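The primary structure of each chain is shown beneath.
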Amino acid sequence: MSAIAAGGGPIEARGSLPPINRPNKRWTRFILPIFTFAMILYLTSPVIVMIVFGFNYIPGERQTPKFWGFTLDWYKNAFNVPGLTPAIRNSLIIAPSSAIVATILGTLLGLTLGRYWFRGRGLTNFVIFLAIAVPEIVLGSSLLSMFVQFETIPVVGPTLAHILHLGFPTILVSHIGFSIPFVAVTVRARVQGLDRSLEDAAQDLFANPVTAFFKVTLPLIAPGIFAGFLLAFVLSLDDFVITNFVSGQVQTFPIWVYGATRIGLPPQVNVLGTLLFGVGILAAGLNVVLQRRRA
């Protein structure tokens, strides 16, 4: 059966059109899962090796590339290596302290950039991204030069040099400085995605700006603030380049590990790395649970 086309020629009826031969795409559905699994395996393989060799029953006190057997002795004696315990203690003091201060200052900066327009806003955004993009070796050497040059400042120079002597204070100030931009960017993204009508509704219900902020705005941006805190904590905990410039005689966990590599790492390093990785996983999982409950 046929029909007449607009030009007058016959065309085949709809029911007599030949079937479309589409290629078999069943095998293509495996491409994305295989690629995703390969990338996850590639990214987590160093962590897996670290966890496995934390149970390696080596004959000596320095780890080897051979797996000799299973043991829990290194977990029982995780803090018996000289110098390791003070280094990990310094890192666990500096990291949360710098993260808390950076979170407070970065949150205020992120709120300002995400909500208000002011002269110099573009320059502020440029400086933030510049602080994120600048190489760590450049930032570390610049901070070292700044701390050393404090003594040349008239009147207040010796005081500043005494307060910010190379060591614990300079590490703390440096970690706060390079963590603030990461927190500010995270909080700003959260603020820009807020629905301002919720705050307007709170003020329509006779809530003053302070009450509206703590009752509406702060709970809404809390996941972003917590994510910024975790990011600042991790950046401070594993930083080596900048800390190596400004640490003086103080050793953090990354600096101690770097020094220990010259004579061979003890297996306790794998144990402490596994514990720190587990704490990070728990914190990230807690953040996900809080976001889902809030949603």
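Owing to the predicted nature of the structure, the values given are computational and were not obtained by experimental measurement. (Residues numbered from 1 in each chain as written. Predicted model: local features only at pLDDT ≥ 70, side-chain atom pairs only at ≥ 80, totals over all residues. Heavy atoms only, no water.)

Trainee: I keep staring at the overall build of the protein and nothing clicks. Help me out?
Mentor: Helix and strand counts for the protein come out as twelve helices and two strands. N-terminal to C-terminal, the α/β element order of the protein is β-β-α-α-α-α-α-α-α-α-α-α-α-α. In the protein, which comprises 295 residues, the share counted as buried stands at 32%. Taking the intrachain contacts of the protein between residues at least 6 apart in sequence as the baseline, contacts between residues at least 24 apart amount to 67%. Of the accessible surface of the protein, which amounts to about 18,900 Å², a share of 69% is contributed by carbon and sulfur atoms. (Helix = DSSP H or I, 4+ residues; strand = E, 2+ residues; numbered from the N terminus. Buried < 20%, exposed > 50% of the residue type's maximum accessible area, 1.4 Å probe, protein only. Contact = heavy atoms within 4.5 Å. Areas by Shrake-Rupley, 256 points an atom, 1.4 Å probe, with all protein chains shown as cover.)

Trainee: Is there a simple way to explain empty space enclosed by the protein in this structure?
Mentor: A probe matching the size of a water molecule, rolled over the atoms, marks out where space remains unfilled. Under the defined criterion, the tally for this structure stands at one cavity of 30 Å³ or more. Considered as a void within the structure, the largest cavity measures approximately 40 Å³ in volume. Every residue along the wall of the largest cavity is listed here: Ser 91, Ile 94, Ala 95, Ile 171, His 175, Ser 236, Leu 237, Asp 239, Thr 243, Thr 252 and Pro 254. If you list the elements that add at least two residues to the lining of the largest cavity, you get α3 (84-115), α7 (168-192) and α9 (209-237). Tallying contributions element by element places α3 first for the lining of the largest cavity, with three residues. Of the residues belonging to the lining of the largest cavity, the class tally is five nonpolar, five polar and one charged. (1 Å grid on protein atoms, 1.4 Å probe; cavity = no way out; pocket = protein on both sides within 12 Å on 5 of 7 lines; lining within 4 Å. Points joined across faces, edges and corners; volume = space filled by probe spheres on them. Nonpolar A, V, L, I, M, F, W, Y, C, P; charged D, E, K, R; others polar.)

Trainee: In this structure, what is going on with the side chain of Thr 170? I would like to understand it.
Mentor: Inspection of the secondary structure puts Thr 170 in helix α7. Leaving out residues up to four positions away in the same chain, Thr 170 has contacts with Phe 147, Leu 164, His 165 and Val 246.

Trainee: It is not clear to me how the packing of aromatic side chains should be interpreted in this structure. Could you clarify?
Mentor: Working definition: an aromatic ring pair is given by the centre-to-centre distance plus the angle between the planes. Within the structure shown, the criterion is met by five aromatic pairs. Measuring from centroid to centroid gives 4.9 Å for Phe 55 and Tyr 75, while their planes differ by 25 degrees, and the two rings are stacked. Linking Phe 55 in the loop between α1 (31-53) and α2 (73-76) with Tyr 75 in helix α2, this pair joins segments that are 20 residues apart in sequence. Ring geometry for Phe 240 against Tyr 258: centres 4.9 Å apart, planes inclined by 45 degrees, an arrangement best described as tilted. Taken together, the positions of Phe 240 in the loop between α9 and α10 (241-246) and Tyr 258 in helix α11 (residues 253-260) put the pair 18 residues apart, joining distant regions of the chain. (Phe/Tyr/Trp six-rings, centres within 6.5 Å; stacked < 30°, edge-to-face > 60°.)

Trainee: Looking at this model, I keep getting lost on the confidence of the model for the protein. Mind explaining?
Mentor: Close inspection of predicted coordinates is inappropriate for parts of the model with low pLDDT. Of the residues in the protein, 87% have a pLDDT of 70 or more, and the chain-wide mean is 82. At the low end of the mean pLDDT range in the protein sits strand β1 (residues 2-4), at 49; at the high end sits α10, at 93. (pLDDT = per-residue confidence, 0-100.)

Trainee: For this particular structure, what's the right way to read the packing of α3 against α7?
Mentor: For any two helices packed against each other, one specifies the inter-axial angle together with the distance between the axes. Relative to each other, α3 and α7 sit at 40 degrees, their axes nearing to 5 Å. It follows from the interaxial angle that α3 and α7 lie oblique. As α3 packs across α7, the resulting crossing turns out to be right-handed. Residue classes in the contact of α3 with α7 are distributed as 17 nonpolar, eleven polar and two charged. (Axes fitted to C-alpha atoms, helices over the stretch in contact; angles between N-to-C directions. Parallel < 35°, antiparallel > 145°, perpendicular 65-115°, else oblique. Left-handed = near helix turned anticlockwise from the far one by under 90°.)

Trainee: When you look at a nonpolar patch on the surface in this model, what are you seeing that I'm missing?
Mentor: A cluster of nonpolar side chains, namely Phe 37, Leu 41, Ile 48, Val 52, Phe 67, Phe 70 and Leu 72, defines an oily patch on the protein surface of about 700 Å² accessible area. Relative to the helices and strands, Phe 37 is located in helix α1. By relative accessible area, which is 58% here, Phe 37 ends up exposed. (Patch = residues over 30% accessible without salt bridge, like charges linked within 9 Å, V, L, I, M, F, W, Y side chains within 5 Å. Salt bridge = Lys/Arg side-chain N within 4 Å of Asp/Glu carboxyl O.)

Trainee: Whenever I open this one, the side chain of Thr 107 confuses me. Can you help?
Mentor: Residue position: Thr 107 is located in helix α3. With relative accessibility at 10%, the residue Thr 107 sits in the buried group.

Trainee: Please clarify how α1 should be interpreted in this entry.
Mentor: The periodicity of an α-helix, 3.6 residues per turn, causes residues three or four positions apart to be oriented the same way. For α1, spanning 23 residues, the distance from its first C-alpha to its last is 32 Å, which sits close to the expected 33 Å at 1.5 Å a residue. Maximum bend of α1: about 50 degrees, positioned at Thr 44, with proline Pro 46 one to four residues after it. (Expected span 1.5 Å × (residues − 1). Bend = angle between axes of the 7 residues up to and from the residue.)

Trainee: Help me understand the layout of surface pockets, please; the structure alone is not making it clear to me.
Mentor: Each pocket or cavity is described by its volume, and for the largest pocket that value is around 700 Å³. Lining the largest pocket are 22 residues, and of these Val 234, Leu 237, Asp 238, Leu 276 and Phe 277 sit closest to its centre. Among the elements of the structure, α1, α9, α11 and α12 (268-294) are those that each provide at least two residues to the lining of the largest pocket. Tallying contributions element by element places α12 first for the lining of the largest pocket, with nine residues. Partitioned by chemical class, the residues of the lining of the largest pocket number 19 nonpolar, two polar and one charged.

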